[in-house]
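# Inside the fold
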Amino acid sequence: MVHTANAASGGAAVTIIRSLSATQEESLDFGRILPAARDGMVTVRPDGGTECNGVTLCLGEGKPALFRLTGAELPLAVSIDPVVAMTGPDAAHVMVTLLPSGPVVMASPAGTAYAVGGQMIVAAGTPPGIYAGQYNISFEYQ
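Throughout what follows, the structure given in this document is the object of discussion. For every chain, the first residue of the written sequence is number 1, and numbering continues from 1 onward in sequence order. Two thresholds apply to this predicted model, a pLDDT of at least 70 for residue-level local features and 80 or more for giving and counting side-chain atom pairs, whereas whole-chain, interface and lining totals are computed over all residues. No hydrogens and no water enter the side-chain calculation; it runs on all heavy atoms of the structure.

### Concerning the pairing of strand E8 (residues 83-87)
Burial along E8 is one-sided: the face carrying Val84 and Met86 is buried and the face carrying Val83, Ala85 and Thr87 is not. Criterion used throughout: strands pair if DSSP finds at least two bridges between them. Helix numbers and strand numbers start at the N terminus; a helix is a DSSP run of H or I with at least 4 residues, a strand a run of E with at least 2. Summarising the sheet, E8 and strand E9 (residues 93-100) pair through five bridges and their orientation is antiparallel. Looking at the pairing, Thr87 lines up with His93 of E9. With antiparallel pairing between neighbouring strands as the criterion, E8 and E9 make up a hairpin whose turn holds five residues, including Asp90 at a positive phi of roughly 55°. Only protein chains enter the accessibility calculation, which uses a 1.4 Å probe. A residue is then buried if its area is under 20% of the maximum for its type, exposed if over 50%, and partly exposed in between.

### Structural notes on the pairing of strand E7 (residues 75-80)
Of the pairings in the sheet, the one linking E7 to strand E10 (residues 104-106) comprises three bridges and is antiparallel in character. Looking across to E10, one finds that Leu76 is bridged to Val105. Judged from the five bridges that link them, E7 and strand E12 (residues 137-141) form a sheet pairing that is antiparallel. Bridge assignment links Ile80 to a residue of E12, and that residue is Ile137.

### Remarks on the nonpolar core
To qualify as a nonpolar core, a set must consist of buried Ala, Val, Leu, Ile, Met, Phe, Trp, Tyr and Cys residues joined through side-chain atoms within 4.5 Å. Ranked by size, the top nonpolar core spans 25 residues in total, and within it Phe30, Val96, Tyr114 and Phe139 carry the most contacts. Counting residues per element, the ones that place at least two in this core are strand E3 (40-44), strand E6 (65-70), E7, E8, E9 and strand E11 (112-122). Broken down by element, the residue count for this core peaks at four residues, all from E11. When checking whether two residues touch, look at their non-hydrogen atoms; a contact exists if any pair is within 4.5 Å. Contact partners of Val96, with chain neighbours within four places excluded, come to Leu28, Phe30, Pro82, Val83, Val84, Met86, Gly118, Gln119 and Met120.

### Quick word on unusual backbone geometry
At Asp90, a position not held by glycine, the phi torsion is positive, near 55°. In this structure, Ala91 is a non-glycine residue whose phi angle is positive, near 65°. Here Ala91 is to be found in the loop between E8 and E9.

### Focus on a nonpolar patch on the surface
Together, Leu34, Leu57 and Leu59 make up an exposed nonpolar region whose accessible area comes to about 250 Å². Locating Leu57 in the fold gives a position in strand E5 (residues 57-59). In this analysis, a patch consists of residues with relative accessible area above 30% that form no salt bridge, clustered at 9 Å for like charges and at 5 Å for the nonpolar side chains Val, Leu, Ile, Met, Phe, Trp and Tyr. A 1.4 Å probe and the Shrake-Rupley method give the accessible areas. Residues count as covered only by the protein chains that appear here. Put simply, a salt bridge is a Lys or Arg side-chain nitrogen that is within 4 Å of an Asp or Glu carboxyl oxygen.

Written out as structure tokens, the structure is:
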């Protein structure tokens, strides 16, 4: 029996992508709110619009949170806490439902903006003061 040998060359390749950087440029800000005798709802949309429904008075415009995403031009999956508790004076709190721009975004070398709005019910009798809270958001290459 005759054996023959055959040789071939194989190739290999890799694309090294830029690391992803996410920086918060603006915090979600509902502005100044004056609660009334009944509950009201305040919404700050990711596009920057502010809506006050019910009997709550909004003084000034709210602002969505703004993140700058710098990296390779690839899609990113977004994961965010659905709700954040904001604590104020004497452990009073308001709950905010977060309104992200979407579940997927594209990064870019120049930086892509990603906005997060929110919606909250302001109960009648909510104590005056400054309320603040933290939430988790992550961006991951797909």
